[in-house]
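# Summary of structural features
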Amino acid sequence: MTTLPIAPDVAREPAPSSSPIVRAPSYLGVDTTLRSWLVTTDHKRIGVLFFVALACMLALGGFFALALRLEHLTPERTLMSAHTYNRMFTLHGVIMVWLFMIPSIPSSFGNFLLPMMIGARDVAFPRLNLASFYVYVAGATLVLLSMFASAIDTGWTFYPPYSSSTPTALPLALLGVFIVGFSTIMTGVNFIVTTHTLRDRRIGWMQMPLFVWSVYATSIIQVLATPVLGMVLLLVVANNAFSWGFFDPARGGDPVLYQHLFWFYSHPAVYIMILPGMGVVSEVVSTFARKNPYSYKAIAYSSLGIAFVGFLTWGHHMFVAGMSRFDAGAFGLLSMLVAVFSAIKVFNWTWTLKRGAIRMRTPLLYVFAFLFLFVFGGMTGVAVATTSLDVHWHDTYFVVAHFHFIMVGGTLTAFLAAIHLWFPKVTGKLYSERLGMLSAALVFAGFFVTFFPQFLLGNGGMPRRYFDYPPRFQALHVVSTVGSWVLGAGLVVTLGYLLHALFWGADAGANPWGSRSFEWRTPSPPPKHNFREPPDLELGAYDYTRPLEGEPREPEAAS
Amino acid sequence: MSTVDDARALAPAEPFSDGPGQAHAARLGMWVFLASEVLLFAALFTLFAASRTQHPAAFHEGVAHAKKVLGSINTAVLLVSSTLVALAVQVLRRGRTRVAGLLVAGTVVLGGVFLAIKITEYVEHFGEGIQPGGRGAFFQEHATRGLAEFWTLYFGMTGLHAVHVVVGMTLLSIALLGILTGRITAPSAHRLEVFAIYWHLVDLVWLFLWPLFYLA
């Protein structure tokens, strides 16, 4: 585990001619009609399409979150009825989990980058890839349509018996989620096969950028866990629409069995959400510390470790649902094992940063936020995996705060880091570094102020999903609501300067960060077939000992 | 700007430079997808196992009442169909397109026979007053706890399997069309092969459903 010496800072020679000989237009310029975008089989364009759809879902889910927080400004009714509140927190969860988080990084950045990172021209099944986008759109449309019927008010976990009898438009929304699941499976199959069959001969398994490893591990979970969820959702639909009574004790069913089946998917789904984020962090850390990862293999294998152990921990959601003491102990211990794999990664990242030639840029700032929030969220995860403590915290705001630290503090900050790291790659433009830093600070502060008080609320006994609450909790709820608006403001600022940069941003050059990762060894934005000629893969994806040939000057204008 | 480069840049990106690579990817993709399918059914098998453990008597009663003969005939039908499609792939590889087409057509027909028998079974059960969800006259007369669960699972699991039979028949019909129009030939036999692999999974799932619902 030797650490390679650090390369001298980016070569200071003047940038190569600002108008390189253009032989083929970039993937953005090949064909600019709307039709060419809608029927494209280019993985890069599909990634961009997914990104736009995902951003809309994030905005919608975020809108619900802000409304929910406003409702809690006062202990009783503030601006919506209890029924609206129930439907809103359910939709917030459904949209954020299934329409945003799960597809987020793999479908957008995974699609855009994975083929380039392994030196391929496209994914293995380009048409299937396009189909997966439309399947996603179809599923998301059904979920959105359910909002115009009577939405859904069961909470995003759809527990029976209530989900069997709720009069809301549950079947419509669940069929939507079921269909989105197919999109997830298609993407997963595509990435697994692409990684196996289309890697450039010169890129071995241990030479791939770490982002590929994390997306590969995620794909395995997607392929193996999503169908179980799909099946369970169909059973819930059958219960609700046709009264089949699968989990109805009166007809011989078992409601706890539902929870087992649901969490068998939905716990691994947590790792579907966080693993790609970890891949992003690995890339950002190496790029901005200008060093190879402290241990490449430890990071790569710990991704697979998390993917594997993630399948064996679902029971920790059910400590109070009725479970033998032995089972509870086993699930608790296995859950803590995830923390070991995660710690391997965290220590690797910090050790990579140590004595690195750190350049403080927006993506790295987001990664610092990620590290702090992820460790905080992860440690509280170990706490709630402890049966004796979980019994008290179960179904309180403590759990809400815990998983938001992982999901928002982890995945969303990683998603934002990815946006800022690869924005120049995707668009060929530079955003304002100053505004980037500012909004990163806003997002972090807003997030912390929103969710830290929720730990205190939960510890004080505030149950989750309650419409009314005792007045003694009001102060903390108000603080949390203020935080949520700061978080929202940070995201709006981000959208603003990214849109500005998209149209009026300075030219980024091929590789503004001086990254060694393979996707940067082609112009930005990349040509349609990714590489105009076979890329030079002589230098490893994390080898910062030598400057790249013709490495452009670091853009000073950005900061 | 040379026109050759332009033409290359505008052509759709074909990820594979060689046929064998594409065939390998197609096979691998299907196998990975089948892993997904297995997990889809696994959720239902888990449900079945849990229910059977809780209500062994009711499940015995249910199995005793199931249409053993029809179910067993269906097993034979599916096994023969799987054999035909496996032969079709081998024959197609040797370039005997017409025979391969006949064998695939036979597979699709046998899939239809399977569905017809299945529907007969369903109709007979409905006539007896057995409906999913524990509805129907049958459950007023036979009040064993767990019996409703058995029959709901029967309709749910065999129904999902039947959906897969329909999907498999559709895929094989597409392959048949490809063989007839000359788009699937010996060098591109893998296109038929991936559908055949799918059909084997449909067959395989039934080999577990058959003992669970008709024999055990």
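Residues numbered from 1 in each chain as written. Chains lettered and ligands numbered in written order. Predicted model: local features only at pLDDT ≥ 70, side-chain atom pairs only at ≥ 80, totals over all residues.

### Observations regarding the overall build of chain A
Helix and strand counts for chain A stand at 16 helices and two strands. Projecting the C-alpha coordinates of chain A onto the three principal axes gives extents of approximately 75 × 45 × 45 Å. Counting over 559 residues, chain A shows a buried share of 58%. Looking at chain A alone, contacts between residues at least 24 apart form 86% of all its contacts between residues at least 6 apart. (Helix = DSSP H or I, 4+ residues; strand = E, 2+ residues; numbered from the N terminus. Buried ≥ 20, exposed ≤ 12 C-beta atoms within 10 Å, placed from the backbone. Contact = placed C-beta atoms within 7 Å.)

### Remarks on the overall build of chain B
Counting its secondary structure elements, chain B contains eight helices and zero strands. Taking 2.2 N^0.38 as the reference for a compact globule, 216 residues should give roughly 17 Å; the C-alpha atoms of chain B span a radius of gyration of 22 Å, well beyond that estimate. The dimensions of chain B, computed from C-alpha atoms along their principal axes, are 80 × 40 × 25 Å. For chain B, the proportion of its 216 residues judged to be buried stands at 39%. (Rg over C-alpha atoms; globule rule 2.2 N^0.38 Å.)

### As for helix α9 (residues 255–289) of chain A
Residue and element names in this part refer to chain A. Compared with the 51 Å implied by 1.5 Å per residue over 35 residues, the 51 Å span of α9 between its first and last C-alpha is a close match. Where α9 bends most, the angle comes to about 35°, and this point is Trp 263. Counting buried positions along α9 yields 32 of 35 residues, so the element is predominantly enclosed. Arg 290, located one to two residues past α9, shows a positive phi value of around 50°. (Expected span 1.5 Å × (residues − 1). Bend = angle between axes of the 7 residues up to and from the residue.)

### Considerations on the interface of chain B and chain A
At the interface, 37 residues of chain B touch 41 residues of chain A. Within the residue set of the side of chain B that touches chain A, elements represented by two or more residues are α1 (3–10), α2 (19–54) and α7 (147–180) of chain B. Counting residues per element, the side of chain B that touches chain A draws most heavily on α2(B), which supplies 20 residues.

### A closer look at the confidence of the model for chain B
All names here are of chain B. Per-chain confidence: chain B averages 91 in pLDDT, with 94% of residues scoring 70 or above. Predicted confidence in chain B is weakest over α1, with a mean pLDDT of 45, and strongest over helix α5 (residues 97–127), with 97. Here residues 1–12 scores under 50 on pLDDT; set against residues more than four positions off or in separate chains, the count is 13 contacts. Our summary of model confidence lists the complex with pTM equal to 0.91 and ipTM equal to 0.90. (pLDDT = per-residue confidence, 0-100.)

### Considering the environment of Gly252(A)
Position of Gly252(A) among the secondary structure elements: in the loop between α8 (210–242) and α9. The exposure class assigned to Gly252(A) is buried, which follows from the 23 C-beta atoms found within 10 Å.

### Description of the nonpolar core
Grouped together as the largest cluster of nonpolar side chains are 219 residues, with contacts concentrated most on Val232(A) and Ala417(A). No other element matches the 22 residues that α8(A) contributes to this core. Sequence-distant contacts of Val232(A), defined by excluding residues within four places in its chain, comprise Leu261(A), Phe262(A), Tyr265(A) and Ala43(B). (Core = buried A, V, L, I, M, F, W, Y, C linked by C-beta atoms within 7 Å.)

### What to know about the environment of Ala105(B)
Mapped onto the fold, Ala105(B) is located in helix α5. When the C-alpha positions of Ala105(B) and Gly21(B) are compared, they lie 28 Å apart, and in sequence the two are 84 residues distant.

### A short note on the packing of helix α12 (residues 362–384) of chain A against helix α15 (residues 433–459) of chain A
Residues and elements named next belong to chain A. Following both chains from N to C, one finds α12 and α15 inclined at 15°, their axes separated by 9 Å at the closest point. The pairing of α12 with α15 is recorded here as roughly parallel in orientation. Taken as a pair, α12 and α15 cross one another with a handedness that is right-handed. In this structure, α12 contributes Thr 362, Leu 365, Tyr 366, Ala 369 and Leu 373 to the contact, and α15 contributes Glu 433, Gly 436, Met 437, Ala 440, Phe 444 and Phe 447. The residue inventory of the contact of α12 with α15, partitioned by class, reads eight nonpolar, two polar and one charged. (Axes fitted to C-alpha atoms, helices over the stretch in contact; angles between N-to-C directions. Parallel < 35°, antiparallel > 145°, perpendicular 65-115°, else oblique. Left-handed = near helix turned anticlockwise from the far one by under 90°. Nonpolar A, V, L, I, M, F, W, Y, C, P; charged D, E, K, R; others polar.)

### Description of the confidence of the model for chain A
All names here are of chain A. Summing up the model confidence of chain A, the mean pLDDT is 91 and the portion of residues at 70 or higher is 94%. Low pLDDT (under 50) marks residues 1–5, which in the prediction has ten contacts with non-local residues, meaning those over four places away or in another chain. Low pLDDT, under 50, characterises residues 555–559; the predicted model gives this stretch eight contacts beyond four residues in sequence or across chains.

### What to know about unusual backbone geometry
The phi torsion of most residues other than glycine is negative, and most of the peptide bonds are trans. Residues and elements named next belong to chain A. Put simply, Pro 160 and Pro 161 share a cis peptide bond, and its omega is 10°. Position of Pro 161 relative to the elements: it lies in the loop between α5 (126–148) and α6 (162–165). Between Ser 524 and the following residue, Pro 525, the backbone shows a cis peptide bond with an omega angle of -10°. Here Pro 525 shows up in the segment after β2 (506–507). Look at Arg 290: it is not a glycine, yet its phi comes out positive at around 50°. What makes Arg 290 buried here is the crowd of 21 C-beta atoms within 10 Å. Its identity as a non-glycine residue notwithstanding, Arg 465 has a phi of 70°, on the positive side.

### Examining α8(A)
Residue and element names in this part refer to chain A. Between the first and last C-alpha of α8 there are 47 Å, a value that for 33 residues agrees with the 48 Å anticipated at 1.5 Å per step. Roughly 30° is the biggest bend found in α8, and it falls at Ala 225, with proline Pro 227 one to four residues downstream. Counted residue by residue, α8 has 31 buried out of 33 residues, so it is predominantly covered. Directly after α8, the chain includes Ser 243, whose backbone phi takes a positive value near 55°.

### Examining the environment of Trp504(A)
Take Trp504(A): it is sitting in helix α16 (residues 474–504). Trp504(A) sits in the exposed class, given 8 other C-beta atoms within 10 Å.

### Describing the packing of helix α4 (residues 68–93) of chain B against α5(B)
Residue and element names in this part refer to chain B. In the contact formed by α4 and α5, the axes pass within 8 Å of each other and the chain directions differ by 165°. Taken together, the axes of α4 and α5 are roughly antiparallel relative to one another. Every pair of crossing elements has a handedness; the one defined by α4 and α5 is left-handed. Looking at the contact of α4 with α5 residue by residue, the classes come out as 19 nonpolar, seven polar and two charged.

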